[in-house]
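In case you want the letters, here they are:
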Amino acid sequence: QVQLVESGGGLVQAGGSLRLSCAASGRILSTYIVGWFRQAPGKERTFVGAVLSNGLSTKYSNSVKGRFTISRDNAKNTVSLQMNSLKPEDTAVYYCAADPTRWSMKVEEYGYWGQGTQVTVSS
C-alpha cells in the first residue's frame, strides 16, 4: 500500500504561483502513475494532469495546460504540481492520486488518494 499526503496549498492572488507536493510513503512513487485532480465547491472532482512513471510523459486538462507543470523528484519520493498564472477559477481542493498499473483521467480508476490541500486564488 502507498500513502499520499498533499501539501503546499494556500491563499494567493490572481497571477501568482503555488507549488503543491504529493509525498508518498510505504511504496516507491516512481513506479506509480500519479494524477492530480481538483474539486471546487459544488462541483465534481475533475482531472488536472498526470505524469507517467518515466517522469517525461505528462497530460494536462485544457484549462491548465501552459500554466501548470507536473514533475517527479524520485530522490524525495514526491510528485509536484507547479501552478503559475493562477486564476480565481483555479480555486479548489487539490488531490493527488496514484495507480500502479494504468493511466486514466477518471477519478474512479485511481486506487490511492491523498487528503487534499486547499488552493484559493483571490481576484
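This text goes with the structure placed above it.
Residues numbered from 1 in each chain as written. Predicted model: local features only at pLDDT ≥ 70, side-chain atom pairs only at ≥ 80, totals over all residues. Heavy atoms only, no water.

## Focus: the overall build of the protein
Scanning the protein from terminus to terminus reveals zero helices and eleven strands. When the elements of the protein are put in sequence order from the N terminus, they spell out β-β-β-β-β-β-β-β-β-β-β. Rg of the C-alpha trace for the protein: 13 Å, near the compact-globule value of 14 Å for 123 residues, within the 12% margin. In terms of principal-axis extent, the alpha carbons of the protein reach across some 40 × 30 × 25 Å. Counting contacts in the protein only where the partners sit at least 6 residues apart, residues at least 24 apart contribute 58% of the total. When the accessible surface of the protein is split by element, carbon and sulfur atoms take 48% of a total near 6,400 Å². When the 13 basic and 8 acidic side-chain charges of the protein are each reduced to a single mean position, those positions are 4 Å apart. (Helix = DSSP H or I, 4+ residues; strand = E, 2+ residues; numbered from the N terminus. Rg over C-alpha atoms; globule rule 2.2 N^0.38 Å. Contact = heavy atoms within 4.5 Å. Areas by Shrake-Rupley, 256 points an atom, 1.4 Å probe, with all protein chains shown as cover. Lys, Arg positive; Asp, Glu negative; His and termini not counted. Charge placed at Lys NZ, Arg CZ, Asp CG, Glu CD.)

## A closer look at the pairing of strand E9 (residues 92–99)
Extensive coverage of E9 is indicated by the burial of seven of its eight residues. Strand direction decides the pairing type here: strand E4 (residues 33–39) and E9, joined by seven bridges, are antiparallel. Within the sheet, the bridge partner assigned to Gly 35 lies in E9 and is Ala 97. Where E9 and strand E11 (residues 117–122) come together, three bridges link them in antiparallel fashion. Paired with Tyr 94 across the strands is Thr 117, a residue of E11. Across two bridges, the pairing between E9 and strand E10 (residues 112–113) is antiparallel. Note on E10: the bridge partner recorded for Ala 97 is Trp 113. (Buried < 20%, exposed > 50% of the residue type's maximum accessible area, 1.4 Å probe, protein only. Pairing = 2+ DSSP bridges.)

## Section: the side chain of Gln 82
Here Gln 82 shows up in strand E8 (residues 78–83). Of note is the side chain of Gln 82, whose polar atom sits 3.0 Å from the side chain of Arg 19. Not counting the four nearest positions on each side in its chain, Gln 82 is found in contact with Ser 17, Leu 18, Arg 19, Arg 67, Phe 68 and Thr 69. (Polar contact = N/O pair within 3.5 Å; in protein donor to acceptor, adjacent residues only side chain to side chain.)

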